[in-house]
2 protein chains.
Amino acid sequence: MDFMKPETCLDLVNIRHALIRMEDTIVFGLIERSQFFSSPSVYEPNKFHIPEFDGSFLDWGLQQMEKTHSQIRRYEAPDELPFFPSVLLPSLLPPVHYPKVLASYTDEINVNQEILEFYVKEIVPQVSCKAGDQLENLGSVQVCDIDCLQAISRRIHFGKFVAEAKYQADKELYNKLIIDKDIPKIEASITNAAVEETILVRLIEKGKSYGVDPSMKYSQNPQSKVEPEIIAKLYKDYIIPLTKKVEVDYLLRRLEDV
Amino acid sequence: MDFMKPETCLDLVNIRHALIRMEDTIVFGLIERSQFFSSPSVYEPNKFHIPEFDGSFLDWGLQQMEKTHSQIRRYEAPDELPFFPSVLLPSLLPPVHYPKVLASYTDEINVNQEILEFYVKEIVPQVSCKAGDQLENLGSVQVCDIDCLQAISRRIHFGKFVAEAKYQADKELYNKLIIDKDIPKIEASITNAAVEETILVRLIEKGKSYGVDPSMKYSQNPQSKVEPEIIAKLYKDYIIPLTKKVEVDYLLRRLEDV
(Lines give C-alpha, C1' and ligand atoms only; values in the text may rest on other atoms or scores of the structure.)
Protein backbone atom coordinates (compact mmCIF):
# COMPACT_ATOMS: atom_id res chain seq x y z
CA MET A 1 0.00 0.00 0.00
CA ASP A 2 1.34 3.36 -0.96
CA PHE A 3 -0.59 6.06 0.86
CA MET A 4 0.93 8.69 -1.38
CA LYS A 5 -1.02 7.19 -4.30
CA PRO A 6 -4.68 7.30 -3.22
CA GLU A 7 -5.86 5.14 -6.10
CA THR A 8 -3.77 2.18 -4.85
CA CYS A 9 -5.23 2.44 -1.31
CA LEU A 10 -8.79 1.84 -2.45
CA ASP A 11 -7.98 -1.08 -4.72
CA LEU A 12 -9.47 -4.12 -2.99
CA VAL A 13 -6.72 -6.39 -4.31
CA ASN A 14 -4.07 -4.20 -2.66
CA ILE A 15 -6.09 -3.98 0.54
CA ARG A 16 -6.48 -7.74 0.72
CA HIS A 17 -2.78 -8.17 0.08
CA ALA A 18 -1.94 -5.78 2.94
CA LEU A 19 -4.36 -7.57 5.27
CA ILE A 20 -2.78 -10.94 4.49
CA ARG A 21 0.67 -9.53 5.21
CA MET A 22 -0.54 -8.14 8.55
CA GLU A 23 -1.54 -11.67 9.58
CA ASP A 24 2.15 -12.58 9.57
CA THR A 25 2.99 -9.71 11.91
CA ILE A 26 0.17 -10.70 14.26
CA VAL A 27 1.16 -14.39 14.24
CA PHE A 28 4.82 -13.50 14.86
CA GLY A 29 3.75 -11.24 17.72
CA LEU A 30 1.63 -13.92 19.38
CA ILE A 31 4.47 -16.45 19.03
CA GLU A 32 6.83 -14.01 20.74
CA ARG A 33 4.29 -13.39 23.52
CA SER A 34 3.92 -17.14 24.06
CA GLN A 35 7.41 -17.29 25.57
CA PHE A 36 6.14 -15.61 28.71
CA PHE A 37 3.71 -16.17 31.56
CA SER A 38 0.25 -14.61 31.53
CA SER A 39 1.60 -12.00 34.02
CA PRO A 40 -1.54 -10.49 35.56
CA SER A 41 0.58 -7.82 37.31
CA VAL A 42 1.15 -6.20 33.92
CA TYR A 43 -2.58 -5.50 33.53
CA GLU A 44 -3.67 -4.63 37.07
CA PRO A 45 -4.27 -0.88 37.51
CA ASN A 46 -1.67 0.77 39.75
CA LYS A 47 -0.05 -2.54 40.69
CA PHE A 48 3.24 -0.65 40.61
CA HIS A 49 3.56 2.82 42.04
CA ILE A 50 4.72 4.85 39.09
CA PRO A 51 4.99 8.52 40.07
CA GLU A 52 2.30 10.78 38.59
CA PHE A 53 0.69 7.89 36.74
CA ASP A 54 -2.67 6.20 37.05
CA GLY A 55 -3.12 2.95 35.13
CA SER A 56 -1.61 -0.46 34.51
CA PHE A 57 2.02 -1.22 33.78
CA LEU A 58 0.95 -1.98 30.20
CA ASP A 59 -0.83 1.39 29.93
CA TRP A 60 2.35 3.11 31.06
CA GLY A 61 4.47 1.33 28.45
CA LEU A 62 1.94 1.98 25.71
CA GLN A 63 1.83 5.65 26.60
CA GLN A 64 5.63 6.02 26.57
CA MET A 65 5.72 4.29 23.19
CA GLU A 66 2.93 6.45 21.78
CA LYS A 67 4.60 9.63 23.01
CA THR A 68 7.82 8.65 21.27
CA HIS A 69 6.11 7.42 18.12
CA SER A 70 3.97 10.53 17.86
CA GLN A 71 7.20 12.52 17.73
CA ILE A 72 8.14 10.56 14.61
CA ARG A 73 4.63 11.11 13.21
CA ARG A 74 3.32 7.55 13.47
CA TYR A 75 -0.21 8.84 14.03
CA GLU A 76 -0.18 11.05 11.00
CA ALA A 77 -0.31 7.87 8.89
CA PRO A 78 -3.85 6.98 7.85
CA ASP A 79 -3.45 3.39 9.06
CA GLU A 80 -2.25 4.11 12.63
CA LEU A 81 -4.35 5.07 15.64
CA PRO A 82 -3.18 5.64 19.21
CA PHE A 83 -4.57 3.84 22.26
CA PHE A 84 -4.10 7.05 24.28
CA PRO A 85 -4.75 10.01 21.97
CA SER A 86 -4.40 12.44 24.88
CA VAL A 87 -0.68 11.73 25.43
CA LEU A 88 0.57 12.45 21.92
CA LEU A 89 3.34 15.00 21.40
CA PRO A 90 4.10 17.23 18.42
CA SER A 91 6.16 15.64 15.66
CA LEU A 92 9.89 16.35 15.44
CA LEU A 93 9.88 15.62 11.72
CA PRO A 94 8.45 17.68 8.88
CA PRO A 95 4.86 16.53 8.21
CA VAL A 96 4.07 14.01 5.47
CA HIS A 97 1.32 15.44 3.30
CA TYR A 98 -0.84 12.39 2.81
CA PRO A 99 -3.46 12.72 0.09
CA LYS A 100 -6.97 12.45 1.53
CA VAL A 101 -8.33 8.93 1.06
CA LEU A 102 -10.58 8.40 4.06
CA ALA A 103 -13.39 10.58 5.39
CA SER A 104 -12.40 13.49 7.61
CA TYR A 105 -13.89 11.92 10.78
CA THR A 106 -11.84 8.75 10.36
CA ASP A 107 -9.70 9.25 13.48
CA GLU A 108 -12.83 9.45 15.62
CA ILE A 109 -13.55 5.82 14.80
CA ASN A 110 -11.15 4.22 17.23
CA VAL A 111 -11.90 0.85 18.85
CA ASN A 112 -8.53 0.57 20.59
CA GLN A 113 -10.05 0.41 24.07
CA GLU A 114 -12.13 -2.59 22.96
CA ILE A 115 -8.99 -4.16 21.48
CA LEU A 116 -7.11 -3.65 24.73
CA GLU A 117 -9.93 -5.29 26.62
CA PHE A 118 -10.27 -8.46 24.54
CA TYR A 119 -6.49 -8.71 24.20
CA VAL A 120 -5.95 -8.74 27.95
CA LYS A 121 -8.98 -10.86 28.82
CA GLU A 122 -9.04 -13.34 25.95
CA ILE A 123 -5.76 -13.43 24.07
CA VAL A 124 -3.20 -13.26 26.86
CA PRO A 125 -4.56 -16.24 28.83
CA GLN A 126 -4.71 -18.36 25.69
CA VAL A 127 -1.31 -17.64 24.18
CA SER A 128 0.89 -17.27 27.26
CA CYS A 129 2.94 -20.35 28.16
CA LYS A 130 1.75 -20.51 31.77
CA ALA A 131 -0.64 -18.74 34.14
CA GLY A 132 0.77 -16.40 36.76
CA ASP A 133 3.56 -13.87 37.18
CA GLN A 134 7.26 -14.25 36.54
CA LEU A 135 8.43 -10.98 38.03
CA GLU A 136 11.68 -10.60 36.13
CA ASN A 137 9.88 -10.80 32.78
CA LEU A 138 7.21 -8.15 33.20
CA GLY A 139 9.10 -5.75 30.95
CA SER A 140 9.47 -8.34 28.20
CA VAL A 141 5.77 -9.13 28.46
CA GLN A 142 4.89 -5.47 28.08
CA VAL A 143 7.12 -5.12 25.02
CA CYS A 144 5.47 -8.14 23.34
CA ASP A 145 2.00 -6.91 24.28
CA ILE A 146 2.62 -3.51 22.71
CA ASP A 147 3.79 -5.15 19.47
CA CYS A 148 0.71 -7.38 19.36
CA LEU A 149 -1.71 -4.57 20.22
CA GLN A 150 -0.32 -2.22 17.60
CA ALA A 151 -0.45 -4.94 14.93
CA ILE A 152 -4.02 -5.94 15.83
CA SER A 153 -5.14 -2.31 15.95
CA ARG A 154 -3.71 -1.63 12.51
CA ARG A 155 -5.41 -4.73 11.12
CA ILE A 156 -8.81 -3.88 12.54
CA HIS A 157 -8.82 -0.20 11.60
CA PHE A 158 -7.71 -1.09 8.09
CA GLY A 159 -11.38 -1.95 7.66
CA LYS A 160 -11.85 1.74 6.91
CA PHE A 161 -10.12 1.30 3.57
CA VAL A 162 -12.37 -1.64 2.78
CA ALA A 163 -15.41 0.45 3.73
CA GLU A 164 -14.32 3.45 1.68
CA ALA A 165 -13.54 1.24 -1.35
CA LYS A 166 -16.98 -0.36 -1.13
CA TYR A 167 -18.61 3.04 -0.75
CA GLN A 168 -16.80 4.41 -3.80
CA ALA A 169 -17.80 1.37 -5.82
CA ASP A 170 -21.54 1.81 -5.20
CA LYS A 171 -22.36 5.22 -3.75
CA GLU A 172 -26.00 5.01 -4.71
CA LEU A 173 -26.62 1.81 -2.78
CA TYR A 174 -24.71 2.98 0.30
CA ASN A 175 -26.26 6.44 0.38
CA LYS A 176 -29.65 4.77 0.58
CA LEU A 177 -28.60 2.27 3.27
CA ILE A 178 -26.98 5.06 5.29
CA ILE A 179 -30.06 7.30 5.11
CA ASP A 180 -32.21 4.33 6.12
CA LYS A 181 -29.71 3.48 8.90
CA ASP A 182 -30.06 -0.09 7.65
CA ILE A 183 -27.26 -1.66 9.66
CA PRO A 184 -28.12 -5.30 8.83
CA LYS A 185 -27.94 -4.60 5.08
CA ILE A 186 -24.71 -2.60 5.45
CA GLU A 187 -23.24 -5.48 7.42
CA ALA A 188 -24.39 -8.00 4.81
CA SER A 189 -22.89 -5.90 2.02
CA ILE A 190 -19.43 -5.92 3.61
CA THR A 191 -19.49 -9.58 4.63
CA ASN A 192 -17.96 -12.26 2.47
CA ALA A 193 -18.28 -15.59 4.25
CA ALA A 194 -16.00 -17.39 1.78
CA VAL A 195 -13.19 -14.87 2.28
CA GLU A 196 -13.56 -15.13 6.05
CA GLU A 197 -13.31 -18.90 5.86
CA THR A 198 -10.17 -18.61 3.73
CA ILE A 199 -8.61 -16.31 6.33
CA LEU A 200 -9.21 -18.82 9.12
CA VAL A 201 -7.79 -21.73 7.11
CA ARG A 202 -4.74 -19.68 6.18
CA LEU A 203 -4.16 -18.63 9.79
CA ILE A 204 -4.05 -22.25 10.89
CA GLU A 205 -1.46 -22.90 8.19
CA LYS A 206 0.56 -19.88 9.29
CA GLY A 207 0.36 -20.87 12.93
CA LYS A 208 1.80 -24.27 12.04
CA SER A 209 4.41 -23.00 9.64
CA TYR A 210 5.71 -20.06 11.69
CA GLY A 211 5.23 -21.60 15.12
CA VAL A 212 7.19 -24.82 14.71
CA ASP A 213 10.96 -24.99 14.44
CA PRO A 214 11.25 -26.59 10.98
CA SER A 215 14.21 -28.69 12.03
CA MET A 216 11.89 -30.31 14.60
CA LYS A 217 9.03 -30.85 12.16
CA TYR A 218 9.57 -34.58 11.93
CA SER A 219 10.28 -35.09 15.61
CA GLN A 220 7.82 -36.96 17.78
CA ASN A 221 6.25 -33.85 19.23
CA PRO A 222 6.48 -30.90 16.83
CA GLN A 223 4.35 -28.66 19.01
CA SER A 224 3.49 -25.24 17.69
CA LYS A 225 4.44 -22.38 20.03
CA VAL A 226 0.87 -21.09 19.87
CA GLU A 227 -2.03 -23.42 19.06
CA PRO A 228 -2.94 -22.54 15.45
CA GLU A 229 -6.62 -23.06 16.26
CA ILE A 230 -6.38 -20.38 18.94
CA ILE A 231 -5.06 -17.86 16.42
CA ALA A 232 -7.93 -18.67 14.05
CA LYS A 233 -10.44 -18.41 16.88
CA LEU A 234 -9.13 -14.99 17.91
CA TYR A 235 -9.70 -13.79 14.39
CA LYS A 236 -13.14 -15.36 14.21
CA ASP A 237 -14.37 -14.11 17.59
CA TYR A 238 -12.67 -10.71 17.86
CA ILE A 239 -10.60 -9.42 14.98
CA ILE A 240 -13.08 -10.05 12.17
CA PRO A 241 -16.19 -8.86 14.08
CA LEU A 242 -14.42 -5.70 15.31
CA THR A 243 -13.19 -4.97 11.80
CA LYS A 244 -16.78 -5.15 10.61
CA LYS A 245 -17.88 -2.85 13.43
CA VAL A 246 -15.27 -0.32 12.27
CA GLU A 247 -16.51 -0.64 8.69
CA VAL A 248 -20.14 -0.17 9.67
CA ASP A 249 -19.37 2.77 12.00
CA TYR A 250 -17.33 4.35 9.24
CA LEU A 251 -20.06 3.91 6.62
CA LEU A 252 -22.89 5.12 8.86
CA ARG A 253 -21.22 8.53 9.08
CA ARG A 254 -20.14 8.67 5.46
CA LEU A 255 -22.69 11.29 4.43
CA GLU A 256 -21.13 13.77 6.87
CA ASP A 257 -18.26 13.99 4.44
CA VAL A 258 -19.86 14.48 1.02
CA MET B 1 16.33 -19.83 30.98
CA ASP B 2 15.44 -18.85 34.49
CA PHE B 3 17.92 -16.28 35.74
CA MET B 4 16.62 -16.74 39.25
CA LYS B 5 18.05 -20.28 39.21
CA PRO B 6 21.76 -19.86 38.47
CA GLU B 7 22.33 -23.58 37.91
CA THR B 8 19.95 -23.57 34.92
CA CYS B 9 21.75 -20.62 33.27
CA LEU B 10 25.05 -22.43 32.99
CA ASP B 11 23.61 -25.66 31.66
CA LEU B 12 24.77 -25.85 28.06
CA VAL B 13 21.60 -27.66 26.98
CA ASN B 14 19.46 -24.77 28.29
CA ILE B 15 21.78 -22.21 26.74
CA ARG B 16 21.59 -23.90 23.36
CA HIS B 17 17.82 -24.09 23.63
CA ALA B 18 17.63 -20.36 24.36
CA LEU B 19 19.95 -19.56 21.45
CA ILE B 20 17.81 -21.60 19.06
CA ARG B 21 14.68 -19.78 20.23
CA MET B 22 16.39 -16.42 19.67
CA GLU B 23 16.93 -17.37 16.02
CA ASP B 24 13.15 -17.24 15.58
CA THR B 25 12.99 -13.73 16.99
CA ILE B 26 15.81 -12.59 14.71
CA VAL B 27 14.28 -14.22 11.62
CA PHE B 28 10.86 -12.70 12.42
CA GLY B 29 12.51 -9.31 12.86
CA LEU B 30 14.35 -9.48 9.54
CA ILE B 31 11.14 -10.55 7.78
CA GLU B 32 9.35 -7.54 9.26
CA ARG B 33 12.19 -5.23 8.20
CA SER B 34 12.03 -6.61 4.65
CA GLN B 35 8.69 -4.83 4.09
CA PHE B 36 10.49 -1.51 3.88
CA PHE B 37 13.05 0.31 1.76
CA SER B 38 16.70 0.51 2.81
CA SER B 39 15.99 4.10 3.97
CA PRO B 40 19.46 5.68 4.24
CA SER B 41 17.93 8.79 5.88
CA VAL B 42 17.31 6.72 8.99
CA TYR B 43 21.05 6.15 9.45
CA GLU B 44 22.58 9.46 8.36
CA PRO B 45 23.79 11.54 11.33
CA ASN B 46 21.67 14.66 11.89
CA LYS B 47 19.66 14.16 8.71
CA PHE B 48 16.70 15.48 10.69
CA HIS B 49 17.02 18.43 13.01
CA ILE B 50 15.94 17.02 16.32
CA PRO B 51 16.33 19.66 19.03
CA GLU B 52 19.20 19.05 21.46
CA PHE B 53 20.17 15.83 19.75
CA ASP B 54 23.25 14.76 17.83
CA GLY B 55 23.02 11.49 15.93
CA SER B 56 20.95 9.55 13.42
CA PHE B 57 17.20 9.09 13.44
CA LEU B 58 17.82 5.48 14.46
CA ASP B 59 20.06 6.58 17.35
CA TRP B 60 17.29 8.87 18.56
CA GLY B 61 14.70 6.09 18.50
CA LEU B 62 17.03 3.64 20.19
CA GLN B 63 17.79 6.15 22.92
CA GLN B 64 14.11 6.87 23.58
CA MET B 65 13.45 3.14 23.76
CA GLU B 66 16.40 2.53 26.07
CA LYS B 67 15.35 5.36 28.38
CA THR B 68 11.87 3.88 28.67
CA HIS B 69 13.10 0.30 29.01
CA SER B 70 15.67 1.24 31.63
CA GLN B 71 12.77 2.57 33.70
CA ILE B 72 11.27 -0.91 33.64
CA ARG B 73 14.67 -2.41 34.50
CA ARG B 74 15.44 -4.07 31.16
CA TYR B 75 19.16 -3.52 31.68
CA GLU B 76 19.20 -5.08 35.11
CA ALA B 77 18.64 -8.43 33.38
CA PRO B 78 21.90 -10.32 32.81
CA ASP B 79 21.07 -10.90 29.12
CA GLU B 80 20.32 -7.29 28.10
CA LEU B 81 22.81 -4.56 27.26
CA PRO B 82 22.06 -1.03 26.10
CA PHE B 83 23.44 0.55 22.92
CA PHE B 84 23.66 3.89 24.73
CA PRO B 85 24.53 3.22 28.38
CA SER B 86 24.82 6.95 29.08
CA VAL B 87 21.10 7.66 28.52
CA LEU B 88 19.66 5.15 30.98
CA LEU B 89 17.27 6.34 33.69
CA PRO B 90 16.60 4.95 37.16
CA SER B 91 14.07 2.12 37.33
CA LEU B 92 10.51 2.83 38.39
CA LEU B 93 10.06 -0.75 39.59
CA PRO B 94 11.52 -2.44 42.65
CA PRO B 95 14.81 -4.10 41.65
CA VAL B 96 14.98 -7.80 40.75
CA HIS B 97 17.70 -9.42 42.82
CA TYR B 98 19.32 -11.63 40.22
CA PRO B 99 21.71 -14.21 41.62
CA LYS B 100 25.25 -13.64 40.37
CA VAL B 101 26.00 -15.93 37.44
CA LEU B 102 28.41 -13.94 35.29
CA ALA B 103 31.62 -12.18 36.26
CA SER B 104 31.29 -8.73 37.77
CA TYR B 105 32.81 -6.95 34.73
CA THR B 106 30.26 -8.53 32.38
CA ASP B 107 28.50 -5.25 31.46
CA GLU B 108 31.81 -3.79 30.30
CA ILE B 109 31.90 -6.32 27.49
CA ASN B 110 29.51 -4.63 25.14
CA VAL B 111 29.86 -4.94 21.36
CA ASN B 112 26.66 -3.07 20.54
CA GLN B 113 28.46 -0.36 18.56
CA GLU B 114 29.92 -3.07 16.31
CA ILE B 115 26.48 -4.62 15.98
CA LEU B 116 25.00 -1.28 14.99
CA GLU B 117 27.70 -0.86 12.38
CA PHE B 118 27.34 -4.22 10.63
CA TYR B 119 23.56 -4.07 10.92
CA VAL B 120 23.36 -0.75 9.10
CA LYS B 121 26.10 -1.48 6.57
CA GLU B 122 25.52 -5.14 5.83
CA ILE B 123 22.11 -6.31 6.98
CA VAL B 124 19.86 -3.43 5.98
CA PRO B 125 20.91 -3.35 2.31
CA GLN B 126 20.45 -7.10 2.00
CA VAL B 127 17.10 -7.54 3.69
CA SER B 128 15.26 -4.37 2.68
CA CYS B 129 12.85 -4.74 -0.23
CA LYS B 130 14.32 -1.88 -2.26
CA ALA B 131 17.15 0.66 -2.12
CA GLY B 132 16.37 4.27 -1.27
CA ASP B 133 14.05 6.25 0.98
CA GLN B 134 10.29 6.09 1.29
CA LEU B 135 9.79 9.11 3.50
CA GLU B 136 6.48 8.16 5.04
CA ASN B 137 7.91 4.87 6.37
CA LEU B 138 10.99 6.10 8.21
CA GLY B 139 9.29 5.59 11.56
CA SER B 140 8.28 2.03 10.72
CA VAL B 141 11.82 1.31 9.57
CA GLN B 142 13.22 2.59 12.84
CA VAL B 143 10.81 0.45 14.85
CA CYS B 144 11.82 -2.69 12.92
CA ASP B 145 15.50 -1.83 13.22
CA ILE B 146 15.27 -1.47 16.98
CA ASP B 147 13.58 -4.87 17.28
CA CYS B 148 16.26 -6.50 15.11
CA LEU B 149 19.15 -4.80 16.90
CA GLN B 150 17.91 -5.73 20.35
CA ALA B 151 17.38 -9.35 19.31
CA ILE B 152 20.81 -9.60 17.68
CA SER B 153 22.49 -7.93 20.66
CA ARG B 154 20.87 -10.35 23.08
CA ARG B 155 21.95 -13.31 20.92
CA ILE B 156 25.55 -12.19 20.66
CA HIS B 157 26.03 -11.24 24.30
CA PHE B 158 24.49 -14.54 25.36
CA GLY B 159 27.93 -15.89 24.49
CA LYS B 160 28.90 -14.85 28.01
CA PHE B 161 26.81 -17.68 29.43
CA VAL B 162 28.50 -20.13 27.07
CA ALA B 163 31.90 -18.76 28.13
CA GLU B 164 31.11 -18.94 31.84
CA ALA B 165 29.74 -22.48 31.49
CA LYS B 166 32.88 -23.59 29.68
CA TYR B 167 35.05 -21.89 32.30
CA GLN B 168 33.22 -23.60 35.13
CA ALA B 169 33.54 -26.95 33.41
CA ASP B 170 37.33 -26.77 33.14
CA LYS B 171 38.80 -24.02 35.31
CA GLU B 172 42.26 -25.52 35.25
CA LEU B 173 42.53 -25.47 31.46
CA TYR B 174 41.11 -21.95 31.16
CA ASN B 175 43.17 -20.48 33.98
CA LYS B 176 46.26 -21.61 32.11
CA LEU B 177 45.08 -20.31 28.73
CA ILE B 178 44.11 -16.98 30.30
CA ILE B 179 47.47 -16.55 32.06
CA ASP B 180 49.19 -17.41 28.79
CA LYS B 181 46.87 -15.02 26.91
CA ASP B 182 46.56 -17.86 24.40
CA ILE B 183 43.75 -16.45 22.31
CA PRO B 184 43.96 -19.01 19.49
CA LYS B 185 43.56 -21.90 21.95
CA ILE B 186 40.72 -20.15 23.80
CA GLU B 187 39.01 -19.59 20.47
CA ALA B 188 39.53 -23.21 19.48
CA SER B 189 38.14 -24.41 22.81
CA ILE B 190 34.87 -22.52 22.33
CA THR B 191 34.45 -23.39 18.65
CA ASN B 192 32.35 -26.32 17.55
CA ALA B 193 32.31 -26.42 13.76
CA ALA B 194 29.57 -29.07 13.63
CA VAL B 195 27.24 -27.00 15.81
CA GLU B 196 27.91 -23.91 13.69
CA GLU B 197 27.05 -25.83 10.55
CA THR B 198 23.82 -27.07 12.13
CA ILE B 199 22.88 -23.48 12.99
CA LEU B 200 23.33 -22.36 9.39
CA VAL B 201 21.31 -25.26 7.99
CA ARG B 202 18.54 -24.63 10.49
CA LEU B 203 18.46 -20.91 9.68
CA ILE B 204 17.88 -21.67 6.01
CA GLU B 205 14.99 -23.91 7.00
CA LYS B 206 13.58 -21.23 9.27
CA GLY B 207 13.94 -18.57 6.58
CA LYS B 208 11.91 -20.74 4.21
CA SER B 209 9.34 -21.82 6.73
CA TYR B 210 8.70 -18.44 8.39
CA GLY B 211 9.23 -16.27 5.31
CA VAL B 212 6.78 -17.87 2.90
CA ASP B 213 3.02 -17.60 3.25
CA PRO B 214 2.18 -21.32 3.60
CA SER B 215 -0.97 -20.95 1.53
CA MET B 216 1.29 -19.85 -1.36
CA LYS B 217 3.81 -22.65 -0.88
CA TYR B 218 2.66 -24.53 -3.95
CA SER B 219 2.23 -21.47 -6.14
CA GLN B 220 4.55 -20.85 -9.05
CA ASN B 221 6.71 -18.37 -7.20
CA PRO B 222 6.72 -19.02 -3.46
CA GLN B 223 9.36 -16.41 -2.77
CA SER B 224 10.62 -16.05 0.76
CA LYS B 225 10.35 -12.52 2.16
CA VAL B 226 14.04 -12.59 3.03
CA GLU B 227 16.45 -14.85 1.15
CA PRO B 228 17.16 -17.69 3.61
CA GLU B 229 20.77 -17.80 2.43
CA ILE B 230 21.18 -14.16 3.45
CA ILE B 231 20.05 -14.94 6.98
CA ALA B 232 22.54 -17.82 7.20
CA LYS B 233 25.29 -15.62 5.80
CA LEU B 234 24.62 -12.91 8.38
CA TYR B 235 25.06 -15.48 11.10
CA LYS B 236 28.18 -16.90 9.50
CA ASP B 237 29.88 -13.58 8.81
CA TYR B 238 28.77 -11.45 11.77
CA ILE B 239 26.67 -13.01 14.48
CA ILE B 240 28.76 -16.13 15.11
CA PRO B 241 32.17 -14.36 14.92
CA LEU B 242 31.02 -11.53 17.20
CA THR B 243 29.60 -14.03 19.68
CA LYS B 244 33.01 -15.69 19.78
CA LYS B 245 34.69 -12.33 20.28
CA VAL B 246 32.41 -11.72 23.28
CA GLU B 247 33.25 -15.16 24.65
CA VAL B 248 37.00 -14.64 24.25
CA ASP B 249 36.88 -11.11 25.72
CA TYR B 250 34.88 -12.43 28.63
CA LEU B 251 37.25 -15.32 29.29
CA LEU B 252 40.42 -13.25 28.96
CA ARG B 253 39.33 -11.17 31.97
CA ARG B 254 37.96 -14.07 33.95
CA LEU B 255 40.78 -14.11 36.51
CA GLU B 256 39.86 -10.59 37.61
CA ASP B 257 36.85 -12.15 39.23
CA VAL B 258 38.17 -15.12 41.17
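Here the structure is a predicted model, which means the values were calculated and not measured. (Residues numbered from 1 in each chain as written. Chains lettered and ligands numbered in written order. Predicted model: local features only at pLDDT ≥ 70, side-chain atom pairs only at ≥ 80, totals over all residues. Heavy atoms only, no water.)

## Structural notes on the overall build of chain A
Link 1 in the chain: Of regular secondary structure, chain A possesses 10 helices and zero strands.
Link 2 in the chain: Across chain A, helices and strands are ordered from the amino to the carboxyl terminus as α-α-α-α-α-α-α-α-α-α.
Link 3 in the chain: By the compact-globule yardstick of 18 Å for 258 residues, chain A fits well, its C-alpha radius of gyration being 20 Å.
Link 4 in the chain: Oriented by its inertia axes, the alpha-carbon framework of chain A measures out at about 55 × 50 × 35 Å.
Link 5 in the chain: Taken across its 258 residues, chain A has 55% of its residues classed as buried.
Link 6 in the chain: On chain A, roughly 11700 Å² of surface is accessible, and the fraction owed to carbon and sulfur atoms is 54%. (Helix = DSSP H or I, 4+ residues; strand = E, 2+ residues; numbered from the N terminus. Rg over C-alpha atoms; globule rule 2.2 N^0.38 Å. Buried < 20%, exposed > 50% of the residue type's maximum accessible area, 1.4 Å probe, protein only. Areas by Shrake-Rupley, 256 points an atom, 1.4 Å probe, with all protein chains shown as cover.)

## Structural notes on the interface of chain A and chain B
Link 1 in the chain: With 48 residues of chain A at the interface, the matching set in chain B holds 48 residues.
Link 2 in the chain: Note on chain A versus chain B: buried area summed over both sides is about 3700 Å², and carbon and sulfur give 61% of it.
Link 3 in the chain: If you look at where chain A meets chain B, you find six salt bridges.
Link 4 in the chain: A salt bridge links Arg21(B) to Glu32(A), with the shortest nitrogen-to-oxygen separation between them at 2.8 Å.
Link 5 in the chain: Connecting chain A to chain B are 11 residue pairs in polar contact (both at pLDDT 80 or more). (Contact = heavy atoms within 4.5 Å. Buried area = accessible area lost by both parts, 1.4 Å probe. Salt bridge = Lys/Arg side-chain N within 4 Å of Asp/Glu carboxyl O. Polar contact = N/O pair within 3.5 Å; in protein donor to acceptor, adjacent residues only side chain to side chain.)

## Quick word on the packing of helix α6 (residues 159-169) of chain A against helix α7 (residues 171-179) of chain A
Packed helices, taken two at a time, are described by the angle their axes make and the gap between the axes.
All names here are of chain A.
Link 1 in the chain: Across the interface, α6 lies against α7 with an axial gap of 5 Å and an inter-helix angle of 110°. Here α6 is positioned roughly perpendicular relative to α7, judged by the angle of their axes. Between α6, through Lys166, Tyr167, Gln168 and Ala169, and α7, the contact on the second element is made entirely by Lys171, Tyr174, Asn175 and Ile178.
Link 2 in the chain: For the contact of α6 with α7, the class distribution of residues is four nonpolar, two polar and two charged. (Axes fitted to C-alpha atoms, helices over the stretch in contact; angles between N-to-C directions. Parallel < 35°, antiparallel > 145°, perpendicular 65-115°, else oblique. Nonpolar A, V, L, I, M, F, W, Y, C, P; charged D, E, K, R; others polar.)

## Here's the deal with a nonpolar patch on the surface
Link 1 in the chain: Taken together, the side chains of Ile179(A), Leu255(A) and Val258(A) present a nonpolar region at the surface, about 330 Å² in accessible area.
Link 2 in the chain: For Ile179(A), the location among the structural elements is in helix α7. (Patch = residues over 30% accessible without salt bridge, like charges linked within 9 Å, V, L, I, M, F, W, Y side chains within 5 Å.)

## Re the relation of the copies chain A and chain B
Link 1 in the chain: For the pair chain A and chain B, the best superposition has an RMSD of 0.0 Å and corresponds to a rotation of 180° with a translation of 0.0 Å parallel to the axis. The transformation just described matches what one would write down for a two-fold rotation axis. Among all residues of chain A, the one whose C-alpha sits closest to the rotation axis is Tyr210(A), at a distance of 2.4 Å. (Least-squares fit on C-alpha atoms with pLDDT ≥ 70 in both.)

## Things to note about the packing of aromatic side chains
Link 1 in the chain: A complete count under the given rule lists 17 aromatic pairs over all chains for this structure.
Link 2 in the chain: Consider the rings of Phe3(A) and Tyr98(A), whose centres lie 6.5 Å apart with planes at 80°: the pair is edge-to-face. Note that Phe3(A) is positioned in the segment before α1 (6-9) and Tyr98(A) in the loop between α3 (57-71) and α4 (112-127), a separation of 95 residues in sequence.
Link 3 in the chain: Ring geometry for Phe158(B) against Phe161(B): centres 4.8 Å apart, planes inclined by 40°, an arrangement best described as tilted. By the burial criterion, Phe158(B) is buried, and Phe161(B) matches it.
Link 4 in the chain: Of the aromatic side chains, those joined through ring pairs into one cluster are Phe3(A), Tyr98(A), Phe158(A) and Phe161(A). (Phe/Tyr/Trp six-rings, centres within 6.5 Å; stacked < 30°, edge-to-face > 60°.)

## Points about the confidence of the model for chain A
Link 1 in the chain: Put simply, chain A has an average pLDDT of 94, and 98% of its residues get 70 or more.
Link 2 in the chain: Scoring of the predicted complex yields 0.95 for pTM and 0.94 for ipTM. (pLDDT = per-residue confidence, 0-100.)

## Observations regarding the side chain of Asp24(A)
Link 1 in the chain: Topologically, Asp24(A) is positioned in helix α2 (residues 12-33).
Link 2 in the chain: Once residues within four sequence positions are removed from consideration, Asp24(A) is found in contact with Lys206(A), Tyr210(A) and Lys225(B).

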